[in-house]
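Per-entry structural report
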Amino acid sequence: MNFLSYNISMRVLGIILLLNIFLTALPVKAFSANIPTTTLQIAREAEIRNTIASTPTSEVVRVGIGANSFKTWVYKNISIFGTSGIVLCDGDNAVKNIPANTNINIKLEADNSITVTQADGTVILKPTSTLRILCPTGLLGVKDLKRAGKQALYHGVFEISKTKNGYFNLVNMIEVEEYLKGVVPNEMPVSFGLEALKAQSVAARNYVLSPRVKASSNYDVVDSVASQVYYGANTEKALSNQAVKETEGLVAIYDWNLILAQYSSTAGGYTESFSNAFSDPMTKEFPSKEKPYLKAKPDILSQPPLNTEEAAAAYYKSRPDAYDIRSSYFRWQREWTADELKKALQGTLAAQSVTGFVKPAFNKGDVLDDIKELKVVRRGDSGKIMEMEVVTDSRTYKIYKELVVRRLITKDGKALPSANVVFDNIKDESGNLVSVKAYGGGFGHGVGMSQYGAGFMATELHLPYDKILKHYYTGISITTKPVTISNDKPISTQHFYAAKNSAVIKIDNRLGVSNLSVNINGRSQVFDLPRELMGYKRFAEIDISKYIKQGENTIIFTSPEFAGSYVKKSLKLYVELVGKDDKSDIW
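Residues numbered from 1 in each chain as written. Predicted model: local features only at pLDDT ≥ 70, side-chain atom pairs only at ≥ 80, totals over all residues. Heavy atoms only, no water.

The next point concerns the overall build of the chain. Check the secondary structure of the chain and you find 13 helices and 37 strands. The buried share of the chain, taken over its 587 residues, is 55%. Here the chain displays about 26,100 Å² of accessible surface, and carbon together with sulfur accounts for 50% of that area. (Helix = DSSP H or I, 4+ residues; strand = E, 2+ residues; numbered from the N terminus. Buried < 20%, exposed > 50% of the residue type's maximum accessible area, 1.4 Å probe, protein only. Areas by Shrake-Rupley, 256 points an atom, 1.4 Å probe, with all protein chains shown as cover.)

Right, here's the structure in full:
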């Protein structure tokens, strides 16, 4: 394979980066002062047109691929094949072609080197740098790895990344839009309809593009519920692929930042505020700091808060109208005898004490006294338990946070579906606990989008995806990802899908740039940015609706002011397709 062909195949790696190519070809400081700025701008636009076709259309994500059980993401050896011919790369060099459907074995040796062999043991390659495997015209597979009962197959590139403890990770390097095609149908049933799948696509795109503390330096996310369920190309569905395509490049933002687009299966008719369900991941503070777009919200807006025992009991012992009423977990019940509950808590109290949210801690080997009652101390607006007590004959244990509650109160070894639950303590004439009955609603943490609710809104109420998202995420806009262009990074390219000919560019002009050059679907425009008495307006917007087409769009941002300027300048901007509004009612 020649170098040119290799580079085209490596698109998904993001190796051909527009910015780097442009800066290499046209270094700003290399131009003599007598070359007009307009000439430099023409050169910039020509370089853009020549290189944009060979660059990734979306960011590249690194996904750690787990074993069949999802119990491990590290390997000593693995067998890989391609549905068409594959290429082995030693670092950035393509060194070996392998025929289609030929298993190659990859093994980490005792000296920490990698050996690639044929099935008969013949050595094919001992790479001296990072091993990457491409299948330019097909899909990559891992022998015997199953996803959704089928052979797992993947777009993109495989990378063998060594760990620090004598193993390696199998990393799938793939463009975000291709990655989402393997996520959306595995996070939401396609029967929920196109608009619900679009809402799921935006939420999933937000998740993967948002900054996070990585579980490993080798990858950004894993392919299980620990991140998002990503089962690869063999589980793609036509309708979910359409949903990804028709939301291409779009995210939900609040105050210029990507939102944390939390979602769960079933909210039970009332979502909860982020702060009431999650602790701070660094400090463990609970309740945590509020996120203004993740506020508790009932499906029926006339429903008052459920933060009292009376209100929660009335709600979760009934079946009121709600968007996720079709879920089998909309309402559920559990029951324990006193002995069953004591036996369950004997094990779970110790396990959950490790989290720091059981006080006093119950240590392994401690003996639990007879249970007197389960008592809820504090609820969120959805009725979700924030604090409860397990009262025994000799001691009271305080339990905080919904996930700890769910994992503490188990039935037949299974956690409660949600912490939207009320307990009836049934006692005998002497006041001894006989049994406990639980009445609950929902499945999952109940913060953000209810997937069953989204499905109902799409298929039965015929609402578009943006209204679904706005119901579950307060005060958001649907936009492209905010980017910054500057002297150091003068160009940014975005691809996005527009359902209608309506869009504005939102601009944060903190450093006083005088103009913005925009190429929209091949048409270039230079916009003067608005001034005010003391300079340039900090925030501005430009209506580009007449340049936008229904369907896929490409927009390229730069500024003529960056060319030859030694004064630090920058603009932060994004394209807004659906604006923020302050209405709580999507109707």
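Moving on to the environment of Lys359. In this fold, Lys359 is placed in strand β20 (residues 358-359). If near-sequence neighbours (up to four positions away) are discounted, Lys359 is found in contact with Thr396, Tyr397, Lys398 and Tyr400. (Contact = heavy atoms within 4.5 Å.)

On to the packing of helix α6 (residues 194-209) against helix α13 (residues 465-472). Packing of α6 against α13 leaves a shortest axis separation of 8 Å and a crossing angle of 55°. Judged on the interaxial angle alone, α13 and α6 are oblique. Where α6 crosses over α13, the two elements pack in a sense that is right-handed. Contacts between α6 and α13 involve Glu195, Ala196, Lys198, Ala199 and Val202 on the former and, on the latter, Tyr465, Ile468 and Leu469. Of the residues assigned to the contact of α6 with α13, the class counts are six nonpolar, no polar and two charged. (Axes fitted to C-alpha atoms, helices over the stretch in contact; angles between N-to-C directions. Parallel < 35°, antiparallel > 145°, perpendicular 65-115°, else oblique. Left-handed = near helix turned anticlockwise from the far one by under 90°. Nonpolar A, V, L, I, M, F, W, Y, C, P; charged D, E, K, R; others polar.)

The next thing to look at is the packing of aromatic side chains. The final tally for this structure, using the stated rule, is 17 aromatic pairs. Arranged with centres 5.8 Å apart and planes meeting at 50°, the rings of Tyr154 and Tyr230 form a pair that is tilted. Residue Tyr154 is located in strand β10 (residues 150-154), and its partner Tyr230 is located in the loop between β13 (221-222) and α7 (238-245); the two are separated by 76 residues in the primary sequence. Here the two residues Tyr154 and Tyr230 agree in accessibility, since each one is buried. Here the aromatic cluster, defined as three or more aromatic residues joined through ring pairs, consists of Tyr154, Phe158, Tyr179 and Tyr230. The ring of Tyr167 carries the charged tip of Lys76 above its face, separated from the ring centre by 4.7 Å. For Arg331, the ring lying beneath its charged end belongs to Phe330, and the centroid distance is 4.1 Å. (Phe/Tyr/Trp six-rings, centres within 6.5 Å; stacked < 30°, edge-to-face > 60°. Lys NZ or Arg CZ within 6 Å of the ring centre and 35° of its normal.)

A separate point is the nonpolar core. Grouped together as the largest cluster of nonpolar side chains are 107 residues, with contacts concentrated most on Met449, Tyr473, Ile505, Leu516 and Ile544. Among the elements that make up this core, the one with the highest residue count is α6 (eight residues). Contact partners of Ile544, with chain neighbours within four places excluded, come to Ala503, Val504, Ile505, Ile520, Phe527, Ile555 and Val575. Counting residues in hydrophobic clusters, the runner-up holds 32 residues, among them Leu349, Ala350, Val404 and Phe423. (Core = buried A, V, L, I, M, F, W, Y, C linked by side-chain atoms within 4.5 Å.)

Now for the sheet that holds strand β25 (residues 433-440). Backbone-to-backbone hydrogen bonds pair the strands of a sheet. The strands run either parallel or antiparallel. The strand order across the open sheet built from three strands is β19-β25-β24, with neighbouring strands paired in antiparallel fashion. Edge strands, defined here as strands with exactly one partner in the open sheet, are β19 (332-337) and β24 (421-427). In this sheet, neighbouring strand axes are inclined to one another by 15° on average, regardless of whether the strands run parallel or antiparallel. Strand direction decides the pairing type here: β24 and β25, joined by seven bridges, are antiparallel. Paired with Asp424 across the strands is Lys437, a residue of β25. Set on the sheet, helix α10 (residues 338-353) makes contact with β19 and β25; between it and β19 the angle comes to about 95°. (Pairing = 2+ DSSP bridges.)

Position of Thr163 among the secondary structure elements: in the loop between β11 (157-162) and β12 (168-175). Among the residues examined, Thr163 registers a relative accessible area of 19% and is labelled buried.

Right, let's get into the packing of α6 against helix α12 (residues 451-459). Contact geometry of α6 with α12 gives a least axis separation of 7 Å together with a crossing angle of 140°. Between α6 and α12, the crossing angle belongs to the class labelled oblique. Considering how the two elements wind past one another, α6 and α12 form a crossing that is right-handed. When α6 is examined against α12, the residues Glu195, Ala196 and Gln200 are found in contact with a partner set consisting of Gln451, Ala454, Gly455 and Ala458. Among the residues forming the contact of α6 with α12, the class breakdown is three nonpolar, three polar and one charged.

Counted by the stated rule, this structure contains 24 salt bridges. Arg379 is the partner of Glu309 in a salt bridge, and the nearest nitrogen-oxygen pair spans 2.5 Å. Note that Glu309 is positioned in helix α9 (residues 309-316) and Arg379 in strand β21 (residues 371-379), a separation of 70 residues in sequence. When its relative accessible area of 6% is taken as the criterion, Arg379 is described as buried. One connected set of salt bridges, linked through shared partners, spans Arg62, Asp92, Arg132 and Glu159. (Salt bridge = Lys/Arg side-chain N within 4 Å of Asp/Glu carboxyl O.)

Further remarks concern unusual backbone geometry. At the junction of Phe286 and Pro287, the peptide bond is cis and its omega measures out at -5° in the coordinates. Geometrically, the link from Lys359 to Pro360 is a cis peptide bond, its omega value of -5° lying close to zero. Note on placement: Pro360 falls in the loop between β20 and β21. At Asn112, a position not held by glycine, the phi torsion is positive, near 70°. Summarising the element assignment, Asn112 is placed in the loop between β5 (104-108) and β6 (114-117). By relative accessible area, Asn112 is classed as partly exposed at 34%. Positive phi, close to 55°, is recorded for Asp255, a residue that is not glycine. In this fold, Asp255 is placed in the loop between β14 (250-254) and β15 (257-258). In this structure Asp255 comes out as exposed when scored by relative accessible area, which is 59%.

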